[in-house]
Amino acid sequence: MGKKLLTEHFGVQGIQQLQVYKQHGGYASLEKALKKTPDEIVNEVMTSGLRGRGGAGFPTGRKWSFIDKKSGKPRYLVCNADESEPGTFKDRYLMEVNPHLLIEGMIISSFALGAHLSYIYIRGELLYVYHILEKAIAEAYEAGYLGKNILGTGYDLELYCHPGGGAYICGEETALIESLEGKRGNPRIKPPFPAISGLYNNPTVVNNVESIATVPAIIAMGGEEYAKIGIGHSKGTKLISACGHIKKPGIYEIELGLPVEEFIYSDEYCGGIRGGRKLKAVVAGGSSVPILPAELILKTEKGEPRLMSYESLSDGGFTSGTMLGSGGFIVMDETTSIVKNLFNFTRFYHHESCGQCSPCREGTAWMEKILHRILHGHGTLKDVDLLWTLQKNIDGKTICPLGDAAAWPVASAIRHFRSEFEDFVQHPEKHLDVKHYFNQIEKKELA
Amino acid sequence: MENKQHIEFSADALALAKKLMGRYPEGKHKSAIIPILHIAQSEFGGWLSPQGMDYVAKIMDLQPIEVYEVASFYSMFNLQPVGKCVIEVCRTGPCWLMGAEDIVNHIESKLNIKVGETTSDGMFTLKTVECLAACGGAPMMQVAEKYHEDLTFAKVDTILNDYQNNTKTPISHWSKDKIKP
């Protein structure tokens, strides 16, 4: 059993209530943090080696250190709770089960940044979680953890929750800021970065739920202790959202560095593949990261065991590696059609493109159309090459990373499963009627 | 399906809207537009008519176009009339792997409508949506604020019968009992 820093109290009855949360050590980190200086907290988080848990993996402490303190403008902390990356459901779970952990993290982090107004931007579909957070925030105000002169320290903070309206793009930090300002979620051109000019053109830090919820643990144990967990530049624990064709889908908190094979097959985690089938492929970090076939997800190209860490998963670059991303771990068994799965992902990116940049707006539409054609038995070998060219013309050519995120699944699917695409276009009749997913009857038998 | 809407917030909704506008710095109350549109959708029978959006513009002191352009960008806002219960089935990646297409087909044949349509009694509208962050409970669907996970045909039948028997007035993402100042 690895260390549990985020999920330790998930089983506690009533942990959503402030009193119960406090009985289990809650808000002790806040009291400890308020005795430090903001810079000491930033240093602590830097020492911990915590990297952004939303997907990009940028060191959180460094991100904090960029915030403009010289201009004297108001500074904001915004929590990105717009969790929408397919395969990822950890933040929803965390906020629903233990809202005060996020709130405590928000207060400490806001204090470290010198923010007096902070927001939790939560995706609109999660309005039921919004109401849970609202209730918890009201309790925190009542207890003197929010508002004026927090715990008599003279520090003031207003914290509000803000729901979105349903748009994947608002998980991108500048689109999120636009949306929070009451506009369409069109990403901004960077620079200027939000740390200089973000919400209402003031210095802003945007952090993922899990990153912020980790801060109380870092304060409690100290950055140096935290950095002892994990491997290499992958420090600490990470929530993995495991889903797809596994026996035990769910949220698992792992110490970074756990072997992928153990994660998939051990009964402590995913419990292996359903129905005793063989593993075909894994998308390890949310739908945007490259898909890897079984042999490359279990071992690197050099033949070393692949580990659940930023470095090991990206070993081999995009030729034979992938990314840890958001930790959305999608497992596919031998019955899965990679072509149909890719159509599904591509349709998603087309639907979610904000339409601002031509390569993404037009390119995602064309990729979906071509895959639709292939799926209906009208594809040709040239279509496979066309898809390859198309994705190359999107990757790196857009304002925000949605373009890249749409291109990578296409590139990796063709790179690793080209023969399946070729077989599909040459012998469509073989693939058209294949039941690639469990139908309901079959599912019942396996359960 | 109610085409004629009563275009005015209840006293509670109006007070809540005012409270939400106060959560942003002075002059930045436009920020509250999305939360207030959710409340409007709940108040106005599950969808936003041009008149409903104009009303939001009026109480927020914004130009109507500022409201239209936001409402039309986000997928949760229905700009056409809908049934009392909107069924939103997740169709993305992990849910698809676990049989979301089967679930959609099952609902279509059970309710005798296609995706995007409303039943003739005005009870259900069927939509497919992109990933709702519940992949561990795939396949899943959302009805109003509630997530229904680990769906099977039998479970879907029970859920839909339940809504059929117990829904008297339209339900929405922002549930009516949470519209309090």
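Residues numbered from 1 in each chain as written. Chains lettered and ligands numbered in written order. Predicted model: local features only at pLDDT ≥ 70, side-chain atom pairs only at ≥ 80, totals over all residues. Heavy atoms only, no water.

Before going further, it helps to examine the confidence of the model for chain A. A low pLDDT means the predicted coordinates there should not be read in detail. Looking at chain A, the pLDDT average stands at 95 and 96% of residues meet or exceed 70. Segment residues 434–447 of chain A: pLDDT under 50, and 41 contacts once partners within four positions in sequence are set aside and those in other chains are kept. (pLDDT = per-residue confidence, 0-100. Contact = heavy atoms within 4.5 Å.)

A few words on helix 3 (residues 38–48) of chain A. Residue and element names in this part refer to chain A. Looking at helix 3, one finds that the buried residues are Ile41, Val42, Glu44, Val45 and Ser48. Down the axis of helix 3, the buried side of the element spans an arc of 155°, and every buried residue falls inside it. Here the buried face of helix 3 lies against helix 2 (28–33), helix 4 (60–65), helix 6 (99–113), helix 9 (209–221), helix 10 (223–227) and strand 6 (234–235). Directly after helix 3, the chain includes glycine 49, whose backbone phi takes a positive value near 75°. (Buried < 20%, exposed > 50% of the residue type's maximum accessible area, 1.4 Å probe, protein only. Helix = DSSP H or I, 4+ residues; strand = E, 2+ residues; numbered from the N terminus. Arc of directions from axis to C-beta.)

We now examine the environment of glutamine 142 of chain B. Tracing the chain through its elements places glutamine 142 of chain B in strand 3 (residues 141–143). In this structure, the C-alpha to C-alpha distance between glutamine 142 of chain B and threonine 128 of chain B, residues 14 residues apart in sequence, is 9.8 Å. The contact partners of glutamine 142 of chain B, leaving out residues within four places of it in the chain, are Glu125 of chain A together with Val86, Ile87, Glu88, Leu132, Tyr147 and His173 of chain B. Within the structure, the side chain of glutamine 142 of chain B is placed 3.0 Å from the backbone oxygen of glutamate 125 of chain A, a separation counted as a polar contact. A polar contact is formed between the side chain of glutamine 142 of chain B and the backbone oxygen of alanine 144 of chain B, at a distance of 3.2 Å. (Polar contact = N/O pair within 3.5 Å; in protein donor to acceptor, adjacent residues only side chain to side chain.)

Turning next to the sheet that holds strand 4 (residues 204–208) of chain A. All names here are of chain A. Strand order in the open sheet formed by 4 strands is 3-2-1-4, with parallel pairing between adjacent strands. Both edges of this open sheet fall to strand 3 (158–163) and strand 4, since each of them pairs with a single strand only. This sheet shows a mean twist of 20° between the axes of neighbouring strands, independent of strand direction. Pairing geometry for strand 1 (residues 76–81) and strand 2 (residues 117–122), over 6 bridges, is parallel. Pairing of tyrosine 76 across the sheet is with leucine 117, part of strand 2. Along the sheet, helix 7 (residues 127–142) makes contact with strand 2 and strand 3, crossing strand 3 at roughly 170°. Packed onto the sheet, helix 8 (residues 173–180) meets strand 1, strand 2, strand 3 and strand 4 and runs at close to 105° relative to strand 2. (Pairing = 2+ DSSP bridges. Axes fitted to C-alpha atoms, helices over the stretch in contact; angles between N-to-C directions.)

Time to look at the sheet that holds strand 4 (residues 146–148) of chain B. Residue and element names in this part refer to chain B. Across the sheet, which stays open at both edges, the 4 strands sit in the order 2-1-3-4 with mixed pairing between neighbours. Only two strands of the sheet have a single partner each, and these edge strands are strand 2 (124–129) and strand 4. Neighbour to neighbour, the strand axes of the sheet diverge by 25° on average, direction disregarded. Pairing between strand 1 (residues 85–90) and strand 2: 6 bridges, direction parallel. Within strand 2, the position partnered with valine 86 by the bridge is threonine 125. Sheet strands touched by helix 6 (residues 100–111): strand 1, strand 2 and strand 3. Its angle to strand 1, the strand with the most contacts, is close to 155°.

Take the domain arrangement of chain B next. The assigned domain composition of chain B is domain 1 (11–73) and domain 2 (85–166). Placing a centre on the C-alpha atoms of domain 1 of chain B and another on those of domain 2 of chain B gives a separation of 28 Å. (Domains from an automatic or database assignment.)

Moving on: the packing of helix 6 of chain A against helix 7 of chain A. Residues and elements named next belong to chain A. With their axes 9 Å apart at the nearest point, helix 6 and helix 7 run at an angle of 55° to one another. Comparing their axes, helix 7 and helix 6 come out oblique. For the pair helix 6 and helix 7, the sense of crossing is right-handed. Each of Pro99, His100, Leu102 and Ile103 in helix 6 lies in contact with helix 7, whose residues at this interface are Ile132, Leu133, Ala136, Ile137, Glu139 and Ala140. When its residues are assigned to classes, the contact of helix 6 with helix 7 shows 8 nonpolar, 1 polar and 1 charged. (Parallel < 35°, antiparallel > 145°, perpendicular 65-115°, else oblique. Left-handed = near helix turned anticlockwise from the far one by under 90°. Nonpolar A, V, L, I, M, F, W, Y, C, P; charged D, E, K, R; others polar.)

One finds Ile120 and Phe421 of chain A together with Phe9 of chain B to be the most contacted residues of the largest nonpolar core, which totals 163 residues. In terms of residues, this core owes the most to one element, helix 18 (residues 402–426) of chain A, which gives 11 residues. Phenylalanine 9 of chain B has contacts with Leu14, Ala17, Ile36, Ile39, Ala40, Glu43, Phe44, Tyr55 and Ile59 of chain B, leaving out every residue within four places of it along the chain. (Core = buried A, V, L, I, M, F, W, Y, C linked by side-chain atoms within 4.5 Å.)

Contacts between the two partners involve 66 residues from chain A, matched on the other side by 49 residues from chain B. Between chain A and chain B the total buried area reaches about 4700 Å² when both faces are included, carbon and sulfur atoms providing 60% of it. Between arginine 92 of chain A and glutamate 149 of chain B there is a salt bridge, with the nearest N and O atoms lying 3.2 Å from each other. Applying the counting rule to chain A against chain B returns 20 residue pairs in polar contact (both at pLDDT 80 or more). Among the elements of the structure, strand 2, helix 7, strand 3, helix 8, strand 7 (237–244), strand 13 (328–333), helix 15 (338–352) and helix 20 (440–446) of chain A are those that each provide at least two residues to the side of chain A that touches chain B. Ranked by the residues each element gives to the side of chain A that touches chain B, the list is headed by helix 15 of chain A, at 8 residues. (Buried area = accessible area lost by both parts, 1.4 Å probe. Salt bridge = Lys/Arg side-chain N within 4 Å of Asp/Glu carboxyl O.)

Here the focus is the domain arrangement of chain A. Residue and element names in this part refer to chain A. Taken domain by domain, chain A holds domain 1 (18–228), domain 2 (233–333) and domain 3 (338–430). In this structure, domain 1 and domain 2 have C-alpha centres spaced 27 Å apart. Taken together, the contact pairs 20 residues of domain 1 with 24 residues of domain 2. Taking both sides of the interface into account, the surface hidden between domain 1 and domain 2 amounts to around 1600 Å²; carbon and sulfur atoms contribute 55%. When the area that domain 1 buries against domain 2 is broken down by residue, the three leading residues are Arg51, Arg53 and Phe89, summing to 30%. The tally of links from domain 1 across to domain 2 stands at 1 salt bridge.

The next point concerns the side chain of glutamate 108 of chain B. Assignment of secondary structure puts glutamate 108 of chain B in helix 6. In this structure glutamate 108 of chain B touches Ile113, Lys114, Val115 and Leu126 of chain B, once residues within four positions along its chain are discounted.

Another point: the packing of aromatic side chains. Residues and elements named next belong to chain A. Tallied over the entire structure, the rule returns 22 aromatic pairs over all chains. Each ring, one from phenylalanine 318 and one from tryptophan 408, has its centre 4.9 Å from the other, and the planes form 75°; the classification is edge-to-face. Within this pair, whereas phenylalanine 318 is found in helix 14 (residues 317–320), its partner tryptophan 408 is found in helix 18, the two being separated by 90 residues in sequence. Members of the aromatic cluster, connected to one another through ring pairs, are Tyr252, Phe263, Tyr269 and Phe329. Here arginine 51 stacks its cationic end above the ring of tyrosine 310, 4.0 Å away from the centre of that ring. Directly above the aromatic system of tryptophan 366 lies the positively charged group of lysine 369, at a separation of 4.5 Å from the ring centroid. (Phe/Tyr/Trp six-rings, centres within 6.5 Å; stacked < 30°, edge-to-face > 60°. Lys NZ or Arg CZ within 6 Å of the ring centre and 35° of its normal.)

Right, let's talk about the pairing of strand 13 of chain A for a bit. Residue and element names in this part refer to chain A. By the criterion of burial, strand 13 is predominantly enclosed, with 6 of the 6 residues buried. Sheet topology places strand 10 (residues 279–283) next to strand 13; 4 bridges connect them, and they run antiparallel. Bridge pairing in strand 13 places valine 282 opposite valine 331.

Bringing the side chain of serine 266 of chain A into the picture now. With respect to the helices and strands, serine 266 of chain A occurs in the loop between helix 11 (260–265) and strand 10. Filtering out sequence-adjacent residues up to four positions away, serine 266 of chain A remains in contact with Glu261 and Gly271 of chain A.

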